[in-house]
Amino acid sequence: MSAQRDLLRASRIKAWEPVVWLLAFASPLLFPTHALIINEIAIVGLFAVSLDLVLGYGGIVSLGHAAFFGLGAYASALFCKHVNPDPHLGLLVSMGAAAVLGLAASFTVLRGSDLTRLMVTLGVALILLELANKLDWLTNGIDGIQGLMFSPVLGKFEFDLAGRTASYYSLTVLLVLFIVARRIVHSPFGATLKAIRDNRLRAMAIGIPVHARLVAVYTLAAAMAGAAGGLFTQTSGFASLDVFEFHRSADTLLMLVIGGVGWLYGGLAGAVVFKLMQDWISGITQQYWGFWLGLFLVVLVLVGRDRLLKPWTWWKKA
């Protein structure tokens, strides 16, 4: 009974959560000139949440999560170009394609140690990158698929150059999928995932179907990453090889380092901090922004996330 009470207590919506989402949806109105970066934050935030499901709750380290993001991006682009420009259908196609890939890749990820999983996940992304490059009759190779024109959202709101429609569209998809992820991690299914993450052998000993749980969460996370890729294509109007690049997976891991692993809001917080720092530092020194971001991460690791905002405690024992 105590475990059930703990689950119910954790699943309750905190008082600050509606405030956070209200501020998020008000941000395109409060900062209309920054609607495009708000849209980017929503997309990478969804991508970070999908990786947190795999890493923070499933305990699976992945360096190739960009495979699902990229497949979702190209699936949305090809669906728009050859079938139907409706963004809602395209988003579902992106999620479906990424989920199928995630289901297939999950069986390879379950085998071996953490190092093996790192190489397998990275290998999947590299294979898709090379396929997208070589199948130029379908993907236009290095030039990518450009000039995509998607139908208005809900048949009324056209994608504008200022990015306001895109930002609200991405924020809405982020909210819906975040609610789904939040409900899952605070359910008995989520509790078994935490048990698997903490001690897989003990979880197997008490009868938890470890492989089935990991396959399920990996497939779900892949579908969410595919949705993020679909949003990227729909709000930018193109899909290129860059969506499969290693830096996308690496940047998302950095977001989780900044915001915290095993806490869905950590992915969102990390996405906000990372993108704002990238935009701000690039505006000051575009050539060396990576240096200052790296220095910030070093300080974050040395000092600790909780003490970072309290400089007077940096030289005290943790």
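Residues numbered from 1 in each chain as written. Predicted model: local features only at pLDDT ≥ 70, side-chain atom pairs only at ≥ 80, totals over all residues. Heavy atoms only, no water.

In terms of nonpolar packing, the biggest core is built from 68 residues, with Leu46, Leu53 and Leu264 touching the most fellow members. Looking at this core, the elements that each hand over two or more residues are helix H3 (35–57), helix H4 (66–82), helix H5 (87–109), helix H6 (114–134), helix H8 (164–185), helix H9 (188–198), helix H11 (210–236) and helix H13 (264–284). In terms of residue count, H11 provides more of this core than any other element does, 13 residues in total. (Core = buried A, V, L, I, M, F, W, Y, C linked by side-chain atoms within 4.5 Å. Buried < 20%, exposed > 50% of the residue type's maximum accessible area, 1.4 Å probe, protein only. Helix = DSSP H or I, 4+ residues; strand = E, 2+ residues; numbered from the N terminus.)

A word on the packing of H8 against H13. In contact at an axis separation of 10 Å, H8 and H13 are set at 145 degrees when each is read in the N-to-C sense. Side by side, H8 and H13 meet where Leu174, Phe178, Ala181, Arg182 and Val185 of the first sit next to Leu264, Tyr265 and Leu268 of the second. Looking at the contact of H8 with H13 residue by residue, the class counts come to seven nonpolar, no polar and one charged. (Axes fitted to C-alpha atoms, helices over the stretch in contact; angles between N-to-C directions. Contact = heavy atoms within 4.5 Å. Nonpolar A, V, L, I, M, F, W, Y, C, P; charged D, E, K, R; others polar.)

Let us look at a nonpolar patch on the surface. Judged by side-chain polarity, Ile127, Leu131, Leu135 and Trp137 come together as a nonpolar surface patch covering roughly 440 Å² of accessible area. Of note, Trp137 is situated in helix H7 (residues 136–139). (Patch = residues over 30% accessible without salt bridge, like charges linked within 9 Å, V, L, I, M, F, W, Y side chains within 5 Å. Areas by Shrake-Rupley, 256 points an atom, 1.4 Å probe, with all protein chains shown as cover. Salt bridge = Lys/Arg side-chain N within 4 Å of Asp/Glu carboxyl O.)

Per the stated rule, a full pass over the model turns up one cavity of 30 Å³ or more. Its boundaries defined by the atoms lining it, the largest cavity holds a volume of some 40 Å³. Every residue along the wall of the largest cavity is listed here: Gly64, Ala67, Phe68, Ala105, Val109, Val120, Thr121, Val124 and Tyr218. Of all the secondary-structure elements, those providing two or more residues to the lining of the largest cavity are H4, H5 and H6. (1 Å grid on protein atoms, 1.4 Å probe; cavity = no way out; pocket = protein on both sides within 12 Å on 5 of 7 lines; lining within 4 Å. Points joined across faces, edges and corners; volume = space filled by probe spheres on them.)

When pLDDT is averaged across the chain, the result is 85; 91% of the residues are at 70 or more. Put simply, helix H1 (residues 2–11) is where the chain has its lowest mean pLDDT, 64, and H8 is where it has its highest, 93. (pLDDT = per-residue confidence, 0-100.)

The next point concerns the pattern of salt bridges. Tallied over the entire structure, the rule returns five salt bridges. For Glu130, the salt bridge goes to Lys134, with nearest N and O atoms at 3.9 Å. With Glu130 and Lys134 both in helix H6 and four residues apart, this pair spans about one turn of that helix. Residue Asp198 is joined to Arg197 by a salt bridge in which the shortest nitrogen-to-oxygen separation is 3.1 Å. Note on Asp198: relative accessible area 57%, which makes it exposed.

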